[in-house]
Structure formats: structure tokens, C-alpha cells
Amino acid sequence: MTDDHTPPTQFDADEFDLHTPPKWPKVVGIISIVWALLGLTCGGLGMASPILMGGLLSSQLDGAPLPPTMVLTPMDYVLGVFGLALAVLLFIGGIQTIIRRPIGRAMHLVYGLGAIPSIIYSTVSSFSKQEATKQWAQDYPDNPMAESINAGGPDQTIGMIIGLVIILFFMTYPLFCVIWFGLIKTKHEQMTGGAEDMY
């Protein structure tokens, strides 16, 4: 006589979870793609704006040279191209992470390790240009643009605070990439959930 009350087969929850791909790669991958598009947009505008603004403001200079903040140095171009290349790398890395390929992790690490020193250098360069612009305003005190700079006041302080906030904002995701992929999710199994045959 068969026992109709045989309990169902018990599954090991840990073994089942091992083959359930985690959801974080798609979330991180999508964020990376959006962040990369933001970087491409801001980077492109950042390289083009001094050229465009210089042409528009030339009538206000009264023969004076452009202030340093509106002049791109060779290093600015190098950093700009480097930043655009990192954004493209992050975009591709985001796609690779969504489809759970190991190369996605490496791409995010390269992006983070490249973006952090680039942002730090750009920040130092930006503050240096601001100081040089103050000197430019003293050298050309009768220039309409110099008058507003020499006036100082709360507007410049607010502008510096806004600049620092923007810099800190752009530093967050590179730091996340280095910590997440360099210290937390260091194995491919953590991206696939162990379901290697699915990818």
C-alpha cells in the first residue's frame, strides 16, 4: 500500500538561490549607461562652451584677451578627450554588465580609477583658473567683465559652492564603481548567481 501523504521533495533554498541571477547587474548597468550619456553631454558642452562663449562675449572685452576661465589649454583638451573616452567606456561597460559579462566589471574599474584622478586634476585646474581670472580682472579693471569680478560679493561665493557641489556629484559614481566592483562584487559568480550556463 502506497502512502498518499508522502511529503513533497524539499529543495535547498541556498542551492536554488545559487542559480537565481541577482538583479543588481541590470540596475547598475542602466545607471552606468545613463551616467555615461550625462558625461558625454556635459563633456561635449564643456569643451565647446569656451569657444562659443568667447565669440559671443568678444564685443564686451574691449580689446582685452579672454579671461583664463574661457580659454582651453592643451591639457584641457587632453582631459576633455580622456573624459569622453571614459564615458564611452562606461557606456559599453554598462551594456556588458546588464548582460552579466565579466568584462563589465573590469570596464567599471578602469572607468572609476581613471575618472577620480581626472576629476581631482580638473578641480585643481579650475580653482587655479579662477585665481588667474581675478588677476586678469585687476590687469583690465576698466573691462565690463572685470568690473563684476572685482566687485566680488556673495555671487562669487555662491558660484564656488555650486562648483564644489557639482564636482562632488560627479565624483560619486566613479567612487561607487571602484568600491562596488573592486571591494564588494569581486567575483563573476556574484554577477551571475552561479548560473554560468545561462550567459
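Residue indices follow the written sequence of each chain, beginning from 1 at its first position. Per-residue local features of the predicted model are confined to residues with pLDDT of at least 70, and side-chain atom pairs are confined, for both listing and counting, to 80 or more; whole-chain, interface and lining totals are unaffected and use all residues. Processing note: side-chain calculations cover all non-hydrogen atoms of the structure and skip hydrogens and water entirely.

**Some thoughts on the layout of surface pockets**
Here comes step 1: Only protein atoms enter the calculation, which uses a 1 Å grid: trapped sets of points that fit a 1.4 Å probe without letting it out are cavities, open sets showing protein on both sides within 12 Å along at least five of seven lines are pockets, and any residue with an atom within 4 Å of a point is a lining residue. Grid points are joined across faces, edges and corners, and a volume is the space filled by probe spheres set on the points. Looking at the largest pocket, its volume works out to about 1,800 Å³.
Here comes step 2: Helix and strand definitions here come from DSSP, where helices need a minimum of 4 consecutive H or I residues and strands a minimum of 2 consecutive E residues; each element is numbered from the N-terminal end. Among the secondary structure elements, those contributing two or more residues to the lining of the largest pocket are helix H2 (24-57), helix H3 (74-98), helix H4 (103-139), helix H5 (144-151) and helix H6 (154-184).
Here comes step 3: Three categories are distinguished: nonpolar for Ala, Val, Leu, Ile, Met, Phe, Trp, Tyr, Cys and Pro, charged for Asp, Glu, Lys and Arg, and polar for the others, with Gly belonging to the last. Tallied by class, the residues present in the lining of the largest pocket amount to 27 nonpolar, 17 polar and three charged.

**A look at the environment of Pro22**
Here comes step 1: Take Pro22: it is sitting in the loop between helix H1 (13-18) and H2.
Here comes step 2: Put simply, Pro22 and Glu189 are 167 residues apart on the chain and 9.7 Å apart in space, counted from C-alpha to C-alpha.
Here comes step 3: Note on definitions: a residue-residue contact is assigned when non-hydrogen atoms from the two residues lie within 4.5 Å. For Pro22, the contacting residues outside a window of four places in its chain are Arg100, Gln190, Met191, Thr192 and Gly193.

**Remarks on the pattern of salt bridges**
Side chains that differ in sign of charge can pair as their charged atoms come close.
Here comes step 1: Salt bridge, as applied in this entry: a Lys or Arg side-chain nitrogen positioned within 4 Å of an Asp or Glu carboxyl oxygen. Within the structure shown, the criterion is met by two salt bridges.
Here comes step 2: Note that Asp76 is salt-bridged to Lys129, the shortest N-O span being 2.4 Å. A residue pair is termed long-range when its members are at least 10 positions apart, and Asp76 in helix H3 and Lys129 in helix H4 qualify at 53 residues. Here Asp76 and Lys129 have matching classes, each one buried.
Here comes step 3: The shortest N-O distance in the salt bridge between Lys134 and Glu131 comes to 3.6 Å. Residue Lys134 and its partner Glu131 are located together in helix H4, separated by three residues, close to a single helical turn. Per-residue accessibility, obtained with a 1.4 Å probe over protein chains only, is compared with the maximum for each type, and a residue is labelled buried under 20%, exposed over 50%, and partly exposed between these values.

**Examining the packing of H3 against H4**
Here comes step 1: Axis definition: a line fit to C-alpha positions, over the contact stretch in the case of helices; interaxial angles, taken between N-to-C directions, run 0 to 180 degrees. It is at 9 Å that the axes of H3 and H4 come closest, and there the two elements cross at 155°. Classified by the angle their axes make, H3 and H4 are roughly antiparallel. Helix-helix and strand crossings are classified by hand; for H3 and H4 the assignment is left-handed.
Here comes step 2: Looking at the contact of H3 with H4 residue by residue, the class counts come to 13 nonpolar, 10 polar and two charged. Angles below 35 degrees are treated as roughly parallel, those above 145 as roughly antiparallel, those between 65 and 115 as roughly perpendicular, and all remaining angles as oblique. Each crossing is labelled by how the near helix is turned from the far one, with a counterclockwise turn of less than a right angle marking it left-handed and a clockwise turn marking it right-handed.

**Some points on the nonpolar core**
Here comes step 1: By nonpolar core we mean a set of buried residues, namely Ala, Val, Leu, Ile, Met, Phe, Trp, Tyr and Cys, connected to one another through side-chain atoms within 4.5 Å. By size, the foremost hydrophobic cluster in this structure holds 14 residues, and its most contacted members are Trp24, Val28, Leu90, Tyr111, Tyr173 and Phe181.
Here comes step 2: Among all residues touching Trp24, those that are not within four sequence positions of it are Thr97, Trp180, Phe181, Lys185, Gln190 and Met191.
Here comes step 3: Counting six residues, the second largest nonpolar core, distinct from the first, contains Met70, Trp136, Ala137 and Ala146.

**Things to note about unusual backbone geometry**
Here comes step 1: Positive phi, close to 65°, is recorded for Arg100, a residue that is not glycine.
Here comes step 2: As for its placement among the helices and strands, Arg100 is situated in the loop between H3 and H4.
Here comes step 3: The buried category is assigned to Arg100, whose relative accessible area is 5%.

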